[in-house]
Amino acid sequence: KIYIRTHYHDYDWNIEKYLKNNCNNLEFDEKKISFIKSLKKYRLIISTSNTTTFLELLKLNIPSIVIFDTHYWELNKDAAKYFNKLKKVGIFYEDNKDASNFITNNWNNLDSWWNNKKLQNVKDEFCNYYSGSDDLLNKNLKLLINQIKK
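Peer 1: Would you mind going over the packing of helix α3 (residues 52–59) against helix α7 (residues 117–131) with me for this structure?
Peer 2: Helix-helix packing is characterised by the crossing angle of the two axes and by the distance between the axes. In the contact formed by α3 and α7, the axes pass within 10 Å of each other and the chain directions differ by 125°. Regarding the angle of α3 to α7, the classification is oblique. The handedness of the crossing between α3 and α7 comes out as left-handed. Together, Phe-54, Leu-55, Leu-58 and Lys-59 of α3 and Lys-123, Phe-126, Cys-127, Tyr-130 and Ser-131 of α7 make up the contact between the two elements.

Next up, the structure:
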C-alpha cells in the first residue's frame, strides 16, 4: 500500500481530495500521531521536494528517497555536488519513472540497500554538511547559552 501524508496546511490546493478522486490504492495518514512517530510505520519514505523534511529523514537515518526536478528546485554548485553523490547511491531522483523503477526493483532489499556502507557514508557526509553533527550543535548551543548568561 501507498500511504500519503500531506502537509498540515493545504493552502486551498485540495491535494488529498484530488488524489482520492484520481488515484487508486492510496491510503492517507490521518496525522493523529506526530510525523516523527509515524515514520516507524513505513519501510520507505518518499519526499517530493528539497525541504527540511528530507534532511530530517536523512539525519534520523530513515530509509528515504527524494524526487524533484532540478529545473524547478535549482541547486547551486555545492549542492549539486552533494546531490550527485546521493543520486549515485539511489537516494536522489530527478525523474519519477527512475524512482519508481528503483522502488520496484529494490522493494524486497530496502534494508540492505539502506544499510550499505557507501550509502551511509554519503548520507552522513550530506547530513554533516547541511545539518552539522550533534556534537557541533551541542557545542554551539553551550556557547550560546554561556553568552546569554553574561
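Peer 1: Please clarify how helix α4 (residues 77–88) should be interpreted in this entry.
Peer 2: An α-helical segment advances 3.6 residues per turn. Residues three or four places apart therefore align on the same side. Between its first and last C-alpha atoms α4 spans 17 Å; for twelve residues at 1.5 Å apiece the expected length is 16 Å, and the two agree. Looking at the buried side of α4, the elements it contacts are α3, β4 (64–67), β5 (92–93) and α7. If you check the start of α4, you find a side-chain oxygen 3.1 Å away from the backbone N of Asp-78, and it comes from Asn-76.

Peer 1: What's the story with helix α5 (residues 96–106) in this structure? I'm lost.
Peer 2: If you check which residues of α5 are buried, you get Ala-99, Phe-102 and Ile-103. One face of α5 carries all of its buried residues, which in axial projection span an arc of 95°. Facing away from the buried side of α5 by over 90 degrees, the exposed positions are Lys-97, Thr-104 and Asn-105. The secondary structure elements touched by the buried residues of α5 are β3 (45–47), β4, β5 and α6 (110–114).

Peer 1: Teacher, can you tell me more about the packing of α4 against α7 here?
Peer 2: For the pair α4 and α7, the least separation of the axes is 9 Å and the interaxial angle reads 155°. Regarding the angle of α4 to α7, the classification is roughly antiparallel. In this structure, α4 meets α7 at a crossing whose hand is left-handed. The residues of α7 that touch α4, namely those facing Asp-78, Ala-79, Tyr-82, Phe-83, Lys-85 and Leu-86, are Val-122, Glu-125, Phe-126, Tyr-129 and Tyr-130. Grouping the amino acids of the contact of α4 with α7 by side-chain chemistry returns eight nonpolar, no polar and three charged.

Peer 1: I'm lost on the pattern of salt bridges in this one. Help?
Peer 2: Opposite charge on two side chains permits them to pair, given that their charged atoms come into close proximity. Applying the stated criterion across every chain yields a total of four salt bridges. We note a salt bridge from Lys-20 to Glu-16, for which the minimum N-O separation is 3.2 Å. Remark: Glu-16 and Lys-20 occur in helix α1 (residues 15–22); sequence separation between them is four residues, near one turn of the helix. Exposure remark for Glu-16: the relative accessible area of 26% places this residue in the partly exposed category. Residue Lys-87 is joined to Glu-94 by a salt bridge in which the shortest nitrogen-to-oxygen separation is 2.3 Å. Residue Lys-87 is classed as partly exposed on the basis of its relative accessible area, which comes to 33%. The exposure class assigned to Glu-94 is partly exposed, which follows from its relative accessible area of 33%.

So, how was this worked out
Residues numbered from 1 in each chain as written. Predicted model: local features only at pLDDT ≥ 70, side-chain atom pairs only at ≥ 80, totals over all residues. Heavy atoms only, no water. Axes fitted to C-alpha atoms, helices over the stretch in contact; angles between N-to-C directions. Helix = DSSP H or I, 4+ residues; strand = E, 2+ residues; numbered from the N terminus. Parallel < 35°, antiparallel > 145°, perpendicular 65-115°, else oblique. Left-handed = near helix turned anticlockwise from the far one by under 90°. Contact = heavy atoms within 4.5 Å. Expected span 1.5 Å × (residues − 1). Polar contact = N/O pair within 3.5 Å; in protein donor to acceptor, adjacent residues only side chain to side chain. Buried < 20%, exposed > 50% of the residue type's maximum accessible area, 1.4 Å probe, protein only. Arc of directions from axis to C-beta. Nonpolar A, V, L, I, M, F, W, Y, C, P; charged D, E, K, R; others polar. Salt bridge = Lys/Arg side-chain N within 4 Å of Asp/Glu carboxyl O.

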